[in-house]
Amino acid sequence: MKKLAILPIAALAGLLFLQANPKPEADTLAALHPEMPALPADVKAIVQQKCYGCHNPKSKNEKGKAKLDWDALEAAKKSKALATMGKIKETLDEGSMPPARFLESNPDKKLTADEVATLMQWTTGKKK
């Protein structure tokens, strides 16, 4: 009878052990493709120069960081990252980034045709 009482206790201890050791998140872009950087070097350079000032967690531009946070994109799960990349592609197609009002005071932030092409290739997953 004592042996039967030990069985539920052992099962409960086993469950607690399994819950205490969560499996690592394996579906972020970096985890799924560790051999590839989250952003290719050419894309990262464009983002750093032209986009990151408004689209980062420390930006004073609340609207910009709410719409896109590049740091969060790099750490996002694959499905969310792909959805965000689709939105980036739509925005590039529209030509609405950077906004014209912003470019009035920051003309150096305007995306060149080559930069737009590089970003478009990246958002569609095509390689040069």
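This section reports on the structure supplied with the text. If you're wondering where the values come from, they're calculated on a predicted model, not measured in any experiment.

## Quick notes on the overall build of the protein chain
- For the protein chain, the helix and strand inventory stands at eight helices and zero strands.
- Seen in sequence order, the protein chain has helices and strands lined up from the N terminus as α-α-α-α-α-α-α-α.
- Each of the 128 residues in the protein chain was classed as buried or not, and the buried ones make up 25%.
- Taking the intrachain contacts of the protein chain between residues at least 6 apart in sequence as the baseline, contacts between residues at least 24 apart amount to 56%.

## Section: unusual backbone geometry
- The residue after Met-97, namely Pro-98, is reached through a cis peptide bond having omega -15 degrees.
- Within the element layout of this structure, Pro-98 appears in the loop between α6 (78-94) and α7 (100-105).

## Quick word on the environment of Thr-123
- Position of Thr-123 relative to the elements: it lies in helix α8 (residues 113-124).
- Ignoring sequence-local partners within four residues, the contact set of Thr-123 consists of Met-85, Ile-88 and Lys-89.
- At 2.9 Å, the side chain of Thr-123 forms a polar contact with the backbone oxygen of Met-120.

## Details of the environment of Lys-65
- Here Lys-65 is to be found in helix α4 (residues 62-67).
- As for Lys-65 and Tyr-52, which are separated by 13 residues in sequence, their C-alpha atoms are 9.2 Å apart.
- Contacts of Lys-65, omitting those with residues within four sequence positions, involve Cys-54, His-55, Asn-56, Pro-57 and Ser-59.
- A distance of 3.1 Å separates a polar side-chain atom of Lys-65 from the backbone oxygen of Ser-59.

## Observations regarding the packing of helix α3 (residues 41-51) against α8
- At a minimum axis separation of 10 Å, α3 and α8 run at an interaxial angle of 125 degrees. As the angle between them shows, α3 and α8 are arranged oblique. The two elements α3 and α8 meet at a crossing, and its hand is left-handed. Along the contact surface, α3 presents Asp-42, Val-43, Ile-46, Gln-49 and Lys-50, while α8 presents Glu-115, Thr-118, Leu-119 and Trp-122.

## Re the pattern of salt bridges
- Summed over the entire model, instances satisfying the criterion amount to three salt bridges.
- One salt bridge connects Lys-65 with Glu-62, and the closest N-O pair in it is separated by 3.4 Å. Taken together, the residues span about one helical turn, with Lys-65 and Glu-62 both in helix α4 at a distance of three residues.

Each value, and the rule that gives it
Once a new chain begins, its residue numbering starts again from 1 and follows that chain's sequence as written. Local features in this predicted model are restricted to residues of pLDDT 70 or higher, and side-chain atom pairs are both shown and tallied only at a pLDDT of 80 or more, whereas totals for entire chains, interfaces and linings draw on every residue. Values shown for side chains rest on all heavy atoms present in the structure; no hydrogens or waters enter the calculation. Per the convention used, a helix needs a DSSP run of H or I reaching at least four residues, while a strand needs a run of E reaching at least two, with both numbered from the N terminus. Each residue's exposure class comes from its accessible area (1.4 Å probe, protein chains only) as a fraction of the maximum for that residue type: buried when under 20%, exposed when over 50%, partly exposed otherwise. Contacts: residue pairs with any heavy atoms within 4.5 Å of one another. For this analysis, a polar contact is any N or O atom pair within 3.5 Å, provided that within protein one partner can donate a hydrogen and the other can accept it, and provided that sequence-adjacent residues contribute only side-chain to side-chain pairs. Between N-to-C directions, angles cover 0 to 180 degrees, with each direction set by a line fitted to C-alpha atoms, over the stretch in contact for helices. Angular relationships are summarised with four words: roughly parallel below 35 degrees, roughly antiparallel beyond 145, roughly perpendicular across 65 to 115, and oblique for the angles in between. For a crossing to be left-handed, the near helix must be turned anticlockwise from the far one by less than a right angle; the clockwise case is right-handed. Salt bridge, as used here: a side-chain nitrogen of Lys or Arg that lies within 4 Å of a carboxyl oxygen of Asp or Glu.

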